[in-house]
2 protein chains.
Amino acid sequence: MRILVQKFGGTSVADLACMSRVREKVKKGLDGGCKVVAVLSARAGETNRLLALADEWSPNPDPAECDSLLSTGEQVSVSLFAMLLRDMGIRARSVLGFQAPVLTTEDHGKARIRSIDPSRLLALLREYDVLVMAGFQGITPSGRISTLGRGGSDTSAVAVAAVLKAELCEIYTDVDGVYTTDPNIVSSARKLDRITYDEMLEMASMGAKVLEIRSVEFAKKYAVPVHVLSTFADAPGTMLIQEEKKMEHALLSGVALDKDQARITLRSCPDRPGVSAGIFAPLAQAGIIVDMIVQNPSLNGVTDVTFTVSRKDVKKALAAMEELRAQMPGMEVLHDANVCKVSLIGVGMRNHSGIASRAFSAISRENINILIISTSEIKISCLLEEKYGELAVRTLHDAFELGKSSSNGAGARA
Amino acid sequence: MRILVQKFGGTSVADLACMSRVREKVKKGLDGGCKVVAVLSARAGETNRLLALADEWSPNPDPAECDSLLSTGEQVSVSLFAMLLRDMGIRARSVLGFQAPVLTTEDHGKARIRSIDPSRLLALLREYDVLVMAGFQGITPSGRISTLGRGGSDTSAVAVAAVLKAELCEIYTDVDGVYTTDPNIVSSARKLDRITYDEMLEMASMGAKVLEIRSVEFAKKYAVPVHVLSTFADAPGTMLIQEEKKMEHALLSGVALDKDQARITLRSCPDRPGVSAGIFAPLAQAGIIVDMIVQNPSLNGVTDVTFTVSRKDVKKALAAMEELRAQMPGMEVLHDANVCKVSLIGVGMRNHSGIASRAFSAISRENINILIISTSEIKISCLLEEKYGELAVRTLHDAFELGKSSSNGAGARA
């Protein structure tokens, strides 16, 4: 059985006209000889409407009840869409999270998928040509409805594609693919034909909001071929693929800008063994994800430690550091939310030297001061003052000629 | 474990203010030392909003998808109400149809409850003090969401009370109990303190829309004590009870008016064995419920047959009779939708003669022509021209002094 998974986001299923357009995409999949699993989000605005209800009802809505409430958004979408397909004579039915079943952890509001037993879905696919699945939702081991958090429908789609061994997972969105950078910042930004899972992970975590990051992790782990494309156009989008031999000449895929950064500096920390653990353990305990970390060389037994966190976590992080001051008298805590992170991403930098120095030179030519540098195998990130963020993105995009098409479509060549 | 079941309809849970009032009712149940199962309907207007969506999406919405869609109405109610209870520090959680589970038949849109295994609910009641259950919905043997049809939440509540052996099932509505007749028609209509299941069945089927008829059948079958009362007042309502010895003096409980009647007359039917079967079999096949039936004495081998059906079924019934004319040449089919049925109800009439003649005399004194009479052990019904309906109700209510209170509260005395 050839299976195609298609995911449609909230704007794609917003109203009857949108759903009719989506129905054509499903029809095309069927005409291509596949059984189709269409994974739907809640209709645009619906999740926010339900969240507003929860907020009206309770100052601190119970997470399990909130999930049960929110899951009605997708439930409405899939019922309506299944009706629409059936009116066309297509053998279709809706499948809710508990019916699939999509088994998740008990972390309401941000549950993770534990397993999807494919046997039930495969049995349904023998009976029906299209399954309209509610994305975003699942069921916990104790039988309660859970949700996967914002953007969770992408993860639902990729996970279902993985367990059903689908030949392709199409993610339909309101943009037509993954770009070398944000086209709103750089007009010469170019749509990529292909991008590797690893590059996409860096792009996603850097704020390229095309795909939810967990869905990319899932796709990578199970080698699910994912095609990101637009509901509102017929053009091909961007394929997410595993790294290939012939890609080794491709240097860079894109430049990402992440404005959700805040810097915290601990000045005059005592520099003794275990001090880093002392700083970062309380942050981890508070559930705060630390991104970049820099420790300056020690001078006179004291050192400066700087790290970045998401802006929403600044208050919690400062509170944790305040407690630390009791044990580290003389330490000063500074913070600055007017920062951003610009990242250059590409699997090719593994095998090519000089990328970093070219990047730093380009930035310095614009007289932009780099506050922190952090690098990985396929990424170079610089923390900058926020006001320089877009200029730096344009500068790097131009310096590496990312706007120019390359034969394999995965970025500039060396 | 003492268990109290409370059912709240759509107007009782319409908004936050209403739900806060409902919360007080639950709190009172808890304070009385009971665990509470609160069965909720969809918020007022919600089911109609969802039905309108289905109609917008499809000329003929798939019933199973429609059920999945409609069930979100109750799902929203129970999540929100559980949040509200939890904010008060009450150990509460929502329970959906599939979670209870409420097992139903596969008749989507009008499913019947097959069974509710109490073990899961009892286990939850050991863990929680209040279960907020979604009324109206269940799950089919094949695992799809079903709904019980309009008013189904009453049935959900009574069924749950039955399986949990609850000490009482309170049905909160927007009226304060069951009346001797419609107070809009007769100003002296009196609220009954008690009514038997059988009387209530006659009242309900006659159009006294306080309780869904299936819920009364359920209550009778499992001898569930049901209390019908108002969400918006603190006064006691009407208790539904089994017939008691001391009630034998109570003659009558009420007068009901049913305007959903249409009369069909077959003139000059051949009067031969099997002719009745020939008439009523096709009606049954078409799913039409026939209410009153009269056959006149035969004359010259032909007879007249008159019966009544719900007005919405007139077209279907006439179509069925049209087919019959092929086999019964000379037969004439007449119909009239300007009729109504007035019924006098009371368990006491079993042991008291003369009720019928007193009723007919009262009606004839007003020069109202009775078109059809039908009687049961506890009911006398008369089909009248529609325009006389309300006058006949007032006449009977006065003739039997139903507005006067009686010591046992279940109607006038002989």
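On a predicted model such as this, the values are computed, not experimentally measured, just so you know. (Residues numbered from 1 in each chain as written. Chains lettered and ligands numbered in written order. Predicted model: local features only at pLDDT ≥ 70, side-chain atom pairs only at ≥ 80, totals over all residues.)

Caption draft 1: Looking closely at unusual backbone geometry. The omega torsion of the bond from A:Ala100 to A:Pro101 falls at -15°, within 30 degrees of zero and hence cis. Along the chain, the position of A:Pro101 falls in the loop between strand 3 (92-95) and strand 4 (102-104). Phi is positive for B:Asn367, close to 60°, though the residue is something other than glycine. On the basis of neighbour counts, which here come to 8 C-beta atoms within 10 Å, the residue B:Asn367 falls in the exposed class. Positioned with a positive phi, B:Glu401 is a non-glycine residue whose angle comes to about 50°. Within the secondary structure layout, B:Glu401 lies in the loop between helix 11 (389-399) and strand 20 (412-413). (Helix = DSSP H or I, 4+ residues; strand = E, 2+ residues; numbered from the N terminus. Buried ≥ 20, exposed ≤ 12 C-beta atoms within 10 Å, placed from the backbone.)

Caption draft 2: Region of interest: the packing of helix 8 (residues 275-285) of chain A against helix 9 (residues 314-325) of chain A. Residues and elements named next belong to chain A. Contact geometry of helix 8 with helix 9 gives a least axis separation of 9 Å together with a crossing angle of 140°. With respect to each other, helix 8 and helix 9 are oriented oblique. Crossing geometry of helix 8 relative to helix 9 is assigned as right-handed. Listed contacts from helix 9 to Gly278, Ile279, Pro282 and Leu283 of helix 8 are Ala317, Ala320, Glu323 and Leu324. The class makeup of the residues in the contact of helix 8 with helix 9 is six nonpolar, one polar and one charged. (Axes fitted to C-alpha atoms, helices over the stretch in contact; angles between N-to-C directions. Parallel < 35°, antiparallel > 145°, perpendicular 65-115°, else oblique. Left-handed = near helix turned anticlockwise from the far one by under 90°. Contact = placed C-beta atoms within 7 Å. Nonpolar A, V, L, I, M, F, W, Y, C, P; charged D, E, K, R; others polar.)

Caption draft 3: Looking closely at the sheet that holds strand 1 (residues 3-8) of chain B. Residues and elements named next belong to chain B. The strand order across the open sheet formed by eight strands is 3-6-2-1-9-11-12-10, and the pairing between neighbours is mixed. Looking at the sheet topology across the chains shown, the edges are occupied by strand 3 (92-95) and strand 10 (194-196). Going from strand to strand, the sheet's axes swing by 20° on average, the running direction of each strand aside. The pairing of strand 1 with strand 9 (residues 168-173) spans five bridges and is classified as parallel. Each bridged residue has a counterpart across the sheet, and for Val5 the counterpart in strand 9 is Cys169. Sheet contacts for helix 5 (residues 152-163): strand 1, strand 2 (35-40), strand 6 (130-134), strand 9 and strand 11 (226-230); angle to strand 1, the most-contacted strand, approximately 180°. (Pairing = 2+ DSSP bridges.)

Caption draft 4: Fine view of the pairing of strand 18 (residues 370-376) of chain B. All names here are of chain B. As judged from the six bridges shared by strand 18 and strand 19 (residues 379-385), these two strands associate in the antiparallel manner. Directly across from Ser374, in strand 19, lies its bridge partner Ser381. What sits between strand 18 and strand 19 in their antiparallel hairpin is a turn of two residues.

Caption draft 5: Quick look at the interface of chain A and chain B. Counting residues at the interface gives 25 residues for chain A, matched by 25 residues for chain B. Those elements that provide at least two residues to the side of chain A that touches chain B are helix 2 (46-57) and helix 3 (63-87) of chain A. Class assignment for the residues of the side of chain A that touches chain B results in twelve nonpolar, eight polar and five charged.

Caption draft 6: Looking closely at the confidence of the model for chain A. Residues and elements named next belong to chain A. This prediction gives chain A a mean pLDDT of 90; 95% of its residues lie at or above 70. In the model, residues 407-414 has pLDDT below 50 throughout and makes 35 contacts with residues more than four positions away in sequence or in other chains. Two summary scores accompany this predicted model of the complex, namely pTM at 0.83 and ipTM at 0.82. (pLDDT = per-residue confidence, 0-100.)

Caption draft 7: Structural context of the relation of the copies chain A and chain B. Overlaying chain A on chain B yields an RMSD of 0.1 Å, the required transformation being a rotation through 180° with an accompanying axial translation of 0.0 Å. Classification of the inter-copy transformation places it as that of a two-fold axis. Among all residues of chain A, the minimum C-alpha distance to the rotation axis is found for A:Thr72, at 2.8 Å. (Least-squares fit on C-alpha atoms with pLDDT ≥ 70 in both.)

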